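Residue strings, one per chain:
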Amino acid sequence: MAGPAQTMNLQIVKSLGFNNFNNIISCLSFLPSLNTLDLRGSFEFGTSTFPMQELSHLINLKQLDLSYNRLNVTPSIQDCMSLTRMEKLVSLSLGFNNFNKSIISCLSFLPSLNTLDLSQSFEFGTRSFPMQGTMSKLTHLNLDFNHFFSVDDVMRSMDLGFPSLRFLSLVGCFKGGRLFANEVPKLPYLKVLILSHNEFNGTLPIQALASFHHLEMLDLGYNNFIGSITSIINSLTSRKVVSFAGNALNGSLMNDEFCKLKNLHELDLSHNMLDGMLPECLNRLSSLKFFDISSNQLTGVLLPSMLNNLTSLEYVDFSHNEFEGSFSLSWFSNHTKLEYVAFSNDNDKFEMETEEPAGWTCMSQLKVLILSRCNLKSHKGSVIPSFLLHQHKLRELDMSYNSLEGQFPDWLIKNNTLLQFLYLRDNSFGGIISTSFHRNPHKLRWLDVSGNHMIGHISDDIHESLPYLLHLNLSRNAIDGVIPSSIGDLSLLEEIDLSQNMLSGEVPIGLLMNLSYLRMLVLSNNNLHGEVLSRKFNLGYLSSLQLDNNHFTGKIENMSAFYDLEVLDISNNLFTGLIHDDVNNISNLPTSLKFLDLSQNNFSGPIPLFLNFQNARHIHLGFNKFTGSIPKSYSNLIKVSTLDIGLDLSCNKLTGNIPEELGLLAQIHALNLSHNRLTGPIPVKFSNLANIESLDLSFNGLTGKVPSELIKLNSLEVFNVSFNKLSGSLPELKAQFSTFTKESYEGNPLLCGLPLENECTMESHRTQPSNEEGSYEKWNDMDIASFYGSCSTTCPEIQQEIRNSTGNGIVRFEIASNWER
């Protein structure tokens, strides 16, 4: 850097972005010839002030980028006046800083400024948008992702402060309200208006928008506009780009008004509720390049005459509608510019013809082709369409859910050296998963061939064949062998799903230690074994870990490494050990966990407290060997909708009363406490479980009445209190309780009232004997059909054990603490 008495004739500095230079502006002030300066993210995070005085020395500067610096400023009039020295500055980017709203007026002292980016620059937003002075030469203004209170106030400021605007973007700036309800700025030169993601409501303000006579691009996407696209749309004849995507617009397009917008280059009506047929007159839009009507409710048969003349098309998406009949890709014969075609379908009435007429060759070199659920029709049967042989520039190909047959088309990967995303899930491809992927120079990122008939081993050199892979899904095939250690060398992997195959062996250590970006690991339903959760991990970003239905062993340890984990399913394995909250294992499970399934293992000891699981939605602990009482801390699980504990008759021997606090779990949908040794009454507070659909308290030692207050549970579909020591009259046969049969109550001889045959008398209300030993002996003889009815969804293994050891009829059943599953 030159000394104080020297200057340099440097004109452009673009390479200083995202460094840490607190005093860089003072040093650069000795470069008077500098005209372009990029200092994005170059100051200490959140501590710097806007270097207004130093900037004023850069008198020849034309372009300046100070975005992503968290700069702040409270300018004085002297600071603002100093900016007049920068008379050549035409472009200024200050996005992602922490400015006071006065920065806008201060910048009006820059005499030549015509482009200003202040996106996400007001730290706490602002209730108003005062503009003192005028930025008469400003033509481009970006205010995205700031938060303004009043739409009218901002629009009024646009009128007064920026009379020459040609480009205005206000993405994500408002939380609802009506657009142009009171204030319609004049802005006579405006060409681009972007107002997406603002939650605007009401109908489209077409009439107000028509007042912008030179407007060429209009984006009102992803708001809350309702109603139809009225006939006034034809007043927008100068528009080249129109997006109404992501609203709640309805009605038909058959009024032909869109067909009059002959200057349209881009039309996006996706993600609305438009219905009816497409007008054939759309073929008049000969300049149309981008056409997206996906995710609506459009019907009818698509006609070739509608598309034949649209030879300028580059992007077309008709996915997720209710079209019927056949569509032939040959209708795009003359569309040599076509790059993106999407026809994902949701019904069986639509069929895609891929090779009609005979000998047709696609004239386009597509970059994206999405033909998912399209009932592909080919002369050669359900094989991959041969026209793809002539496609060599594909970046994304999705032909999922089409019942395609034959060998896996590895030639697709060889032919298309730019291919990054390949989706072929839920077809009928066969063949061997091998090295046929070849060494992949084109950086394949996403490979999904799940739900096919692939066999063989995962290749040992997969890391050489697919080195840039981010997502690998080989699930639901017939792949066997071991998981190769080389999979740990796919260092960029974010998601792996190898579930529902025939894999064996242990999980390679590299998969647990080397894949530091991994977010999802699914190995469910294989024949894997060995210790997993007691080993070391380097999976700090992992959010979903599913190891269920394997033969894994060992204890739960080192779980503190999973600080972002949301889903943990290790059910139906051979894990062992205590799950105490005072030891270094389960207590370190992350507070972000929403789904936890530890069921069908060999865990023992008291039920874990889960004191920090405020975000949990589903907890399954059944078929283990837990003992003791149900913790009262479970009443803090206010977001839980499924709580499933003490299911295994032999292994979970929970005792004590049911905590009344469980009645506070207002969001719970299912509660199963069956097959334990719980005593005491059914809590009356269970009547607060407004969303509960299934409540199973069977096979315990509960006493007292069935609370009549439970008839308030209007969502209850399954109710089982059989084989307890309950007594007294049953609730009235009202609401859901009118649907429950006597099987819900059997094994409680002192209960009376419908639907039971016992009529209620004074004798019925006497207290039941308290001899626990005698009451448990009553469980020894039970009807097999009744037991199956109670256990059909919760005790399948016990059920099978009984089937294997007995025939039909009465079963002599002894509760044994050492029952082996």
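Okay, so let's go over this structure.

How each quantity is defined
- Residues numbered from 1 in each chain as written.
- Predicted model: local features only at pLDDT ≥ 70, side-chain atom pairs only at ≥ 80, totals over all residues.
- Heavy atoms only, no water.
- Helix = DSSP H or I, 4+ residues; strand = E, 2+ residues; numbered from the N terminus.
- Buried < 20%, exposed > 50% of the residue type's maximum accessible area, 1.4 Å probe, protein only.
- Contact = heavy atoms within 4.5 Å.
- Pairing = 2+ DSSP bridges.
- Polar contact = N/O pair within 3.5 Å; in protein donor to acceptor, adjacent residues only side chain to side chain.
- Core = buried A, V, L, I, M, F, W, Y, C linked by side-chain atoms within 4.5 Å.
- Patch = residues over 30% accessible without salt bridge, like charges linked within 9 Å, V, L, I, M, F, W, Y side chains within 5 Å.
- Areas by Shrake-Rupley, 256 points an atom, 1.4 Å probe, with all protein chains shown as cover.
- Salt bridge = Lys/Arg side-chain N within 4 Å of Asp/Glu carboxyl O.
- Lys, Arg positive; Asp, Glu negative; His and termini not counted.
- Charge placed at Lys NZ, Arg CZ, Asp CG, Glu CD.

Attention now goes to the overall build of the protein. Within the protein, the secondary structure is distributed over 13 helices and 52 strands. Looking at the protein residue by residue over its 821 residues, the buried ones come to 52%. Of all intrachain contacts in the protein linking residues separated by at least 6 positions in sequence, the fraction that spans at least 24 positions is 64%.

This brings us to the pairing of strand β18 (residues 322-328). With three bridges joining them, strand β16 (residues 297-301) and β18 adopt parallel strand pairing. By the bridge assignment, threonine 299 is partnered in β18 with glutamate 322.

All right, on to unusual backbone geometry then. Cis geometry is adopted by the peptide bond preceding proline 755, which originates at leucine 754 and carries an omega value of 10°. The topology assignment puts proline 755 in the loop between β50 (750-752) and α11 (772-777). Located in the positive-phi region is histidine 271, a residue other than glycine, with phi close to 55°. Note on placement: histidine 271 falls in the loop between β13 (266-268) and β14 (273-276). Residue classification places histidine 271 among the partly exposed positions, given a relative accessible area of 40%.

The next point concerns the side chain of aspartate 65. Within the secondary structure layout, aspartate 65 lies in strand β3 (residues 63-65). Here aspartate 65 falls in the buried class, since its relative accessible area comes to 17%. One polar contact links aspartate 65 to serine 93, side chain to side chain, over a distance of 3.5 Å. Sequence-distant contacts of aspartate 65, defined by excluding residues within four places in its chain, comprise Leu37, Asp38, Leu39, Arg40 and Ser93.

Let's shift gears to the nonpolar core. Counting 202 residues, the largest nonpolar core has Phe244 and Phe343 as the members making the most contacts within it. Not counting residues within four places of it along the chain, the set of residues in contact with phenylalanine 343 comprises Leu302, Phe318, Ser319, Phe327, Phe332, Phe350, Met352, Ile370, Leu371, Ser372 and Cys374. Tyr340, Ala342, Val368 and Ile370 belong to the second largest nonpolar core, which has five residues in total.

Taken together, the side chains of Asp275, Glu322, Glu324 and Asp346 define an acidic patch exposed on the protein surface. Within the secondary structure, aspartate 346 is located in the loop between β19 (340-342) and β20 (350-353).

Turning next to the pattern of salt bridges. Scanning the model with the defined rule gives twelve salt bridges in all. A salt bridge links aspartate 426 to arginine 425; its shortest N-O distance comes to 3.4 Å. For aspartate 426, a relative accessible area of 23% puts it in the partly exposed group. Accessibility expressed as a relative area gives 23% for arginine 425, which makes it partly exposed. A salt bridge links glutamate 494 to arginine 519, with the nearest nitrogen and oxygen atoms 3.4 Å apart. Of this pair, glutamate 494 sits in the loop between β29 (478-482) and β30 (495-497) while arginine 519 sits in the loop between α10 (509-513) and β32 (520-522), and the two are 25 residues apart along the sequence. For arginine 519, a relative accessible area of 33% corresponds to the partly exposed category. Here the salt bridges do not stand alone but share partners, grouping Arg425, Asp426, Asp448 and Arg476 into one network.

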